[in-house]
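Understanding the architecture of this molecule
Below, each chain spelled out in residue letters.
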Amino acid sequence: MPGTEIRLALDAIPMEGMKEGAAGDETVLFVRDASGVRAFQAKCPHLGAPLAKGEICGGRLYCHWHKAAFALTDGSLEEPPALDALTRYPVRIEGADAVAILTPEPAPTRSAGATVASVLVVGSGAAAVARIKTLRREGYRGRITMVGREAHPPYDRTKLSKQFLAKPTPPERVLIEPDFAQVNAVERITGEVVRVDPVRRDITLADGRTMTADAILVATGSRAVAPELPGQDVPVTELGGVFTLRNQGDKRLDYGGHTKGFDRVVLQSDPAALDFIAYYATGNWVTAACSNGRKKAFTAFLHLLGLGRLPAAAEIEAGADLPALACEAA
């Protein structure tokens, strides 16, 4: 609530360190160094991780979840996947206490001295979004066009392997912003870029269209690696039942998310060597697995699960050769 004050003893804030303070449901992160005490929002703007559990290094505050980095001087964004700076609050010192006032300080305004009137961003994933957000945050006011194969608004891919798998999640919950294009004044073009000419500063789309800009940023990202099973000469994604998790529209497996609700965890290989697969079982039914290490059995598990031919938990526990079974089923 604006105007709320949060008080914390100076002795509780370690020098060159940080400490979270609270007043009711409100929280704030106090940071202390030789220049004084500052206060920022207590949660990472990416996914809400408590920043007090992060690390301070080299004048930066790092979130412990996905390693987003913020400048200790003013909370400005230094590294993604966060796309916004930390909200900063004014602090006063009263005797032996630091007092933060939860009225956000104005965000610094910047005006980029850009000589280009238009920017064309090739790609519509995380790298492209980060570039666009950075341009606007740094004060660029020119025309920005984003060209990519995905037609839906930009979303946070880190959520696809977590909330989106663990339970039914509305697609809008993974969006970076409800209306990314309007908020960031971006023209969206859906299409596949097949040629980039850096000299002429233009691109060509698969349908023959061409587009020109003063500057072109190529941010096409990467694709998931699809390994091959022993005895097969094609990626597992071409055998059926296995899907990569990259796009919001990709198919997803029946994944439990964690051990809650399962009877037991069946292990194969050597946990002491940190190279194993854990299968989550309820009764004699395996519904999920996780792999620590690049083991062929994990890929085989996904293939067999997709085909509905996964062995019973007891067979896996007895040492079933999943790669061999996957080859037979292919």
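In this text, all values refer to a predicted model and were calculated from it rather than measured experimentally.

Cut-offs and rules
- Residues numbered from 1 in each chain as written.
- Predicted model: local features only at pLDDT ≥ 70, side-chain atom pairs only at ≥ 80, totals over all residues.
- Heavy atoms only, no water.
- Core = buried A, V, L, I, M, F, W, Y, C linked by side-chain atoms within 4.5 Å.
- Buried < 20%, exposed > 50% of the residue type's maximum accessible area, 1.4 Å probe, protein only.
- Helix = DSSP H or I, 4+ residues; strand = E, 2+ residues; numbered from the N terminus.
- Salt bridge = Lys/Arg side-chain N within 4 Å of Asp/Glu carboxyl O.
- Contact = heavy atoms within 4.5 Å.
- Pairing = 2+ DSSP bridges.
- Axes fitted to C-alpha atoms, helices over the stretch in contact; angles between N-to-C directions.

Concerning the nonpolar core
Ranked by internal contacts, the top residues of the largest apolar core, which has 18 residues, are Y279, V286, F301, L304, L310, I316 and L322. Those elements giving two or more residues to this core turn out to be strand 20 (275-282), strand 21 (285-292), helix 4 (296-307), helix 5 (313-317) and helix 6 (322-329). For this core, the element with the highest residue contribution is helix 4, accounting for five residues. Residues C44, A49, L61 and A68 belong to the second largest nonpolar core, which totals 15 residues.

Some remarks on the pattern of salt bridges
Here the structure, examined in full by the defined rule, presents 14 salt bridges. In this structure, E78 and R60 form a salt bridge, with 3.2 Å as the shortest nitrogen-oxygen distance. Residue E78 is located in strand 8 (residues 77-79), and its partner R60 is located in strand 6 (residues 60-62); the two are separated by 18 residues in the primary sequence. Residue R88 pairs with E105 through a salt bridge whose shortest N-O separation is 3.7 Å. Here the residue R88 occupies a position in strand 9 (residues 88-89), and E105 occupies one in the loop between strand 11 (97-101) and strand 12 (118-122), the gap between them amounting to 17 residues. For E105, a relative accessible area of 35% puts it in the partly exposed group. Sharing partners across several salt bridges, the network here consists of E5, R7, R92, E94 and D97.

Description of the environment of V194
Mapping V194 onto the fold places it in strand 15 (residues 193-197). For V194, a relative accessible area of 52% puts it in the exposed group. The spatial distance from the C-alpha of V194 to the C-alpha of A206 is 5.8 Å, given a sequence separation of 12 residues. Ignoring sequence-local partners within four residues, the contact set of V194 consists of T204, L205 and A206.

Examining the sheet that holds strand 10 (residues 91-94)
With antiparallel pairing, three strands are arranged side by side in an open sheet as 1-11-10. The open sheet terminates on both sides in strands that have one partner only, identified here as strand 1 (5-9) and strand 10. The average angle at which neighbouring strand axes cross in this sheet is 25°, direction not considered. One ladder, built from five bridges, connects strand 1 with strand 11; its direction is antiparallel. Paired with A9 across the bridge in strand 11 is D97.

Notes on the sheet that holds strand 13 (residues 143-148)
Reading across from one edge, 14-13-12-18 is the order of the four strands in this open sheet, with parallel pairing throughout. Two strands close off the open sheet at either side, each with one partner strand: strand 14 (186-190) and strand 18 (215-218). The average undirected angle you get between the axes of adjacent strands in this sheet is 20°. Here strand 13 pairs with strand 14 via five bridges, running parallel. Bridge pairing in strand 14 links T145 to E187.

Details of unusual backbone geometry
Between P80 and the following residue, P81, the backbone shows a cis peptide bond with an omega angle of 20°. Examined against the element boundaries, P81 turns out to sit in the loop between strand 8 and strand 9. At A185, a position not held by glycine, the phi torsion is positive, near 50°. Structurally, the position occupied by A185 is in the loop between helix 3 (180-183) and strand 14.

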